[in-house]
Amino acid sequence: MLLSITDLQYSFAAAHSQPVFSKLSMEASQGEFISLVGASGCGKSTLFKIIAGLLEPASGNIRISGLPSLNAASRLGKIGYMPQQDLLLPWRTVLDNCLLPWELKRDCSKEDAVQQIRGLLHRFGLAGTEAAYPQELSGGMRQRVALLRTLAAGNDLLLLDEPFGALDAITKRELHRWLLELWGGLGKTVLFITHDLEEALLLSDRIYLMTGGSCERLQEMTVDLPRPRHYQLNYQPQFIALREELERRLHESINH
Ligand SMILES: Nc1ncnc2c1ncn2[C@@H]1O[C@H](COP(=O)(O)OP(=O)(O)OP(=O)(O)O)[C@@H](O)[C@H]1O
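Below or above, wherever it landed, is the structure these notes cover. What you see is a predicted model; the values in this text were computed from it and never measured.

**Some words on the environment of glycine 66**
Looking at the secondary structure, you find glycine 66 in the loop between β4 (59-64) and α2 (72-75). Take glycine 66: its relative accessible area is 46%, and that puts it in the partly exposed class. Along the sequence, glycine 66 and serine 4 sit 62 residues apart, while their C-alpha atoms lie 7.9 Å from each other.

**Details of the nonpolar core**
For soluble globular proteins, the rule of thumb is that nonpolar side chains tend to be buried together. If you look at the biggest cluster of nonpolar residues, it comprises 51 residues, and the most contacted ones within it are Phe124 and Leu179. For this core, the leading source of residues is helix α7 (residues 169-186), giving six residues. Apart from the residues lying within four places of it in its own chain, the contact partners of phenylalanine 124 are Arg144, Leu147, Leu148, Leu151, Trp178 and Leu182. With 30 residues, the next largest nonpolar core counts Ala28, Ile34, Ile50 and Ala52 among its residues.

**Comments concerning the packing of helix α6 (residues 139-152) against α7**
In contact at an axis separation of 11 Å, α6 and α7 are set at 20 degrees when each is read in the N-to-C sense. The orientation of α6 relative to α7 falls into the category roughly parallel. In this structure, α6 crosses over α7, and the sense of that crossing is right-handed. Contact residues: Gly140, Arg144, Leu147 and Leu151 in α6; Thr171, Leu175, Trp178, Leu179, Leu182 and Leu186 in α7. Here the contact of α6 with α7 is composed, by residue class, of seven nonpolar, two polar and one charged.

**Some thoughts on the site of the ligand**
Neighbouring the ligand are 13 residues; Ser40, Gly41, Lys44, Ser45 and Thr46 lie closest to it. Here an oxygen atom of the ligand and a backbone polar atom of glycine 41 are 2.9 Å apart. Of the residues in the shell around the ligand, the class split is four nonpolar, eight polar and one charged.

**Topic: the pairing of strand β3 (residues 33-37)**
The buried fraction of β3 amounts to five of the five residues, a majority that puts the element mostly inside the structure. Where burial is concerned, the two faces of β3 agree: the one with Phe33, Ser35 and Val37 and the one with Ile34 and Leu36 are both buried. Bridge analysis of β3 against strand β7 (residues 189-193) gives four bridges, and the strand direction is parallel. Of the residues in β7, the one forming a bridge with isoleucine 34 is leucine 191. In terms of strand pairing, β3 meets strand β8 (residues 206-209) through four bridges, oriented parallel. Within β8, the position partnered with isoleucine 34 by the bridge is arginine 206.

Thresholds applied
Residues numbered from 1 in each chain as written. Predicted model: local features only at pLDDT ≥ 70, side-chain atom pairs only at ≥ 80, totals over all residues. Heavy atoms only, no water. Helix = DSSP H or I, 4+ residues; strand = E, 2+ residues; numbered from the N terminus. Buried < 20%, exposed > 50% of the residue type's maximum accessible area, 1.4 Å probe, protein only. Core = buried A, V, L, I, M, F, W, Y, C linked by side-chain atoms within 4.5 Å. Contact = heavy atoms within 4.5 Å. Axes fitted to C-alpha atoms, helices over the stretch in contact; angles between N-to-C directions. Parallel < 35°, antiparallel > 145°, perpendicular 65-115°, else oblique. Left-handed = near helix turned anticlockwise from the far one by under 90°. Nonpolar A, V, L, I, M, F, W, Y, C, P; charged D, E, K, R; others polar. Near = heavy atom within 4 Å. Polar contact = N/O pair within 3.5 Å; in protein donor to acceptor, adjacent residues only side chain to side chain. Pairing = 2+ DSSP bridges.

By themselves these figures say nothing about function.
Below is the structure:
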């Protein structure tokens, strides 16, 4: 198992007497694509911040690659994390933004790092943008740069928090196609937060339904659809049935 979380508990400061979650368990295998869906405020982003090492849980275990559970400081930098806002630095070019992970690690020469980033820019359909500044790019391009920067850190586990949430339907559709192709060739494990149920079904092997509060084992749904997947799948009866089931279960879990 690449990621195994057991009995996680977390509360923000005293103002919130209720824990965000009190006994949360979940897991992800190497190469799996997993979406997390759930009502706004149920704790999805908080869970990502804990896994990434930005927040320390009150209790519980987070094991990565079967190693003993690490504290937050030791997890920091070992997991690729793309927060909801792209956080590209406006005063840096695309290339310099993408070099940030290398600047933190300096695990190879700068020339090698630049060459690697140029290869990725090409693969991400961003060739020719390396000298541009983030504000000169479209929303879809910015998200691809942010994802590239997350990938450039070289971690096996990627946490993507609503990466396409703010994009229009057509751009989103293009990025789905692109992400499916890219992920197919990378062997990375992805945890993906979304409010878009069709997006979750199209991309994922499994979906966790988060309710927050005192839930124990998260409800999950296996997306048993063949790969490679494409958008036409949305109109097929098997997909529509899964969408109905997911919506029903989500509704039930929220009103439980
Ligand atoms: N820094 C903070 N201090 C105090 N409470 C917080 C903080 N960040 C989040 N919360 C609270 O914790 C709960 C979970 O928030 P979180 O952002 O994890 O939810 P979410 O499921 O990601 O929501 P959304 O889908 O709207 O992004 C919410 O009740 C929120 O108000």
